[in-house]
Amino acid sequence: MLASTLNKRKYKNICIIDTNSKVGSKIKVSGGAKCNITNELVTNKNYLGDKDFVEEILHKYTKDDLLNFLNKNGVVPKINPKIVKGTYFCNSSQDVIDMFLKLTTHIKKYLDTKVLDIENIIESDSYKIKTNKQDIQSKKIVIASGGLSFSSLGATSIAFDIAKKYGHTIEKLEPALVGFTVQKDQFWFKKLSGISTYVNTFVDGRKFEGSLLFAHKGCSGPIILTSSLYWKKGQLAIDFLPNKKIEDFFKSNKKISSALPLPKRFIEEFLQSIDLEDKAISSLKIDEREKLSKLKYYEFSPAGNFGYTKAEVTKGGINTDEINHNTFESLKQKGLYFIGECLNITGELGGFNFQIAFSQANICAKELNKL
């Protein structure tokens, strides 16, 4: 995005360095290969980080600006609410990659090239970029190399290493938008691997709704990925009967597994976990009804998460107080810019991270065009 927005006449010698052999590897796999590129409901409330800074970024380059840019270049995303509410998906991730390739034909691309370090050359007011293949000299460097998630797609710590080298503070890095592993009391989750159900979750004072997917390690799915962004080594709660009152089912003479609108296997494992017989729901005693009512607010403490290899993003990152909020230039090192996931701004699942990254890239490029 940044490279495609830079003024061609002003910046005649631009290059992109990518550790992958093809451009846009992370775009390629995003949104199930359909690229969940932005969200109809995007606001600063959908992000961890400096809320004022996020609001400023989203105001300068809005989701409508991004959609107009995409439409102008032949990519027409559409909302698909089945996965995450308000999310815009493209017809194919490859369409986005092809668009950027077309817009950057004039730009030299060093693919399958790993950046090892950078050094500032004081006498020429420039930088030497050391790679595994050659050294590249540049007046300015924009680092948009992402976080630690998806190492299989070439993710490394290079952004953080360079930032630390020049005195930047790195806020605690953790996997985010990732599934949870479970403790012994929730091992019954593992027996339900592959089953999905619609739930509400409650975490850190927030409520989310969406699909939960039971997995062989614990639980995942869109609702869990978003919840993981705000989870802090403690409890979260799940409402397995969203928008329903459990009291409304107590008059039924059907067995619990038949009376409740939940997957039968789920009900069977849940009942076993709370030591409750699958019997006519109307016959339940008061204490048994209280046990069953846990379905409306099931509290548990995850053991941890699936780690960086399964995480969509990395939360934490370079302290944004040390970045120029108008240009994204480092306040500690002239000519060095940081954008994207390496900054301490992380969005929820549903196109929010692409939106903030593209907004930052556009703003940074426009400021560079003014120099």
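Owing to the predicted nature of the structure, the values given are computational and were not obtained by experimental measurement.

Cut-offs applied
- Residues numbered from 1 in each chain as written.
- Predicted model: local features only at pLDDT ≥ 70, side-chain atom pairs only at ≥ 80, totals over all residues.
- Heavy atoms only, no water.
- Pairing = 2+ DSSP bridges.
- Helix = DSSP H or I, 4+ residues; strand = E, 2+ residues; numbered from the N terminus.
- Axes fitted to C-alpha atoms, helices over the stretch in contact; angles between N-to-C directions.
- Phe/Tyr/Trp six-rings, centres within 6.5 Å; stacked < 30°, edge-to-face > 60°.
- Buried < 20%, exposed > 50% of the residue type's maximum accessible area, 1.4 Å probe, protein only.
- Lys NZ or Arg CZ within 6 Å of the ring centre and 35° of its normal.

Peer 1: Can you explain the sheet that holds strand 7 (residues 115-121)? Please cite residues and give values.
Peer 2: Across the sheet, which stays open at both edges, the three strands sit in the order 7-8-9 with antiparallel pairing between neighbours. The strands lining the two open edges of the sheet, one partner per strand, are strand 7 and strand 9 (135-138). In this sheet, adjacent strand axes meet at a mean angle of 20 degrees when their direction is disregarded. Here strand 7 runs beside strand 8 (residues 126-131); their pairing, made up of six bridges, is antiparallel. By the bridge assignment, Asn120 is partnered in strand 8 with Tyr127.

Peer 1: Go over the packing of aromatic side chains, please, and point to the residues and values.
Peer 2: In total, this model carries 21 aromatic pairs according to the counting rule given. Note on Phe180 and Trp231: the rings are 5.1 Å apart at their centroids and 70 degrees apart in plane angle, and the pair reads as edge-to-face. You can see Phe180 sitting in strand 12 (residues 180-181) and its partner Trp231 sitting in the loop between helix 7 (222-230) and strand 16 (236-239), a full 51 residues away along the chain. Comparing Phe180 with Trp231, the two get one shared label, buried. Among the aromatic residues, ring-to-ring pairing joins Trp188, Phe189, Phe214, Phe240, Phe266, Phe270, Tyr298 and Phe300 into one connected group. The ring of Tyr110 carries Lys108 above its face, with NZ or CZ at 5.1 Å from the centroid.

Function-wise, these values are silent; they only describe arrangement.
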